[in-house]
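# Coordinate inspection notes
Okay, here's what each chain looks like letter by letter:
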Amino acid sequence: FREHLGARDMGRVAAVAKAIDRFEFMRPVMLSGDGTSQASLPVHLLILALLEEELAREGGVCALDAGCGTGWLLKVFLADIMVDDFGLDDQDRHRLLPEASFDVVNVGVAIASVHSPIFAKVFALLRDGGVLTAPICEQADVDPHSGKCVARFRKFQRDAQG
């Protein structure tokens, strides 16, 4: 996380995160024993830090959290920084969304490559100037011994040329 955050002042992000009762969202995860539906707090803080500038825009933003798990990040968006939000989880994965309809999109699961059809579809949801955060797992990110990907969160911005 240090490579993304550097010497960034995390005061505002930490204050927002502390205002939300994380246990409210962890309870279903703990009861089910399935930790795959909830990202760790450091990952959520990284996402908030990467999107801090965009989420603080005057008048709010329209944001999508694709793979929203228990919805903690959406709750943070609503609590402090946004006007409109939308979350998709596994049961919604076939739902069609109009292109160019979001200012901010966060993808909670790794995308195999920036050249993949999935990345293109998600990126197309952004309005001009919109940003996408996603863990990207390129071939160089795969551990040769375990075969596991160490996906790195990246931030992408859509400009007028796409």
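Thresholds, definitions, all that
- Residues numbered from 1 in each chain as written.
- Predicted model: local features only at pLDDT ≥ 70, side-chain atom pairs only at ≥ 80, totals over all residues.
- Heavy atoms only, no water.
- Core = buried A, V, L, I, M, F, W, Y, C linked by side-chain atoms within 4.5 Å.
- Buried < 20%, exposed > 50% of the residue type's maximum accessible area, 1.4 Å probe, protein only.
- Helix = DSSP H or I, 4+ residues; strand = E, 2+ residues; numbered from the N terminus.
- Contact = heavy atoms within 4.5 Å.
- Phe/Tyr/Trp six-rings, centres within 6.5 Å; stacked < 30°, edge-to-face > 60°.

### Some points on the nonpolar core
Residues Leu48, Leu51, Leu55, Trp72, Phe77 and Val104 are the most contacted members of the largest nonpolar core, which totals 23 residues. Residue assignment for this core shows that the elements contributing at least two residues are α2 (11-18), α4 (41-55) and α5 (72-81). When neighbours within four sequence positions are excluded, Leu51 is seen to be in contact with Phe77, Val104, Val131 and Thr133. With 16 residues, the next largest nonpolar core counts Val107, Leu132, Ile136 and Phe156 among its residues.

### Describing the packing of aromatic side chains
Aromatic ring pairs are defined here through the distance separating the ring centres and the angle between the ring planes. Enumeration according to the criterion identifies 2 aromatic pairs in this entry. Relative to Phe123, the ring of Phe119 lies with its centre 5.6 Å away and its plane at 15 degrees, an arrangement referred to as stacked. Of this pair, Phe119 and Phe123 both sit in helix α6 (residues 117-123), 4 residues apart, roughly one helical turn. For the pair formed by Phe119 and Phe123, the shared burial category is buried. Their ring planes at 75 degrees and their centres at 5.0 Å tell us that Phe119 and Phe156 sit as a pair that is edge-to-face. Of this pair, Phe119 sits in helix α6 while Phe156 sits in strand β5 (residues 152-157); the two residues are 37 residues apart in sequence, bridging distant segments of the chain. Across the pair, exposure class does not vary: Phe119 and Phe156 are buried alike.

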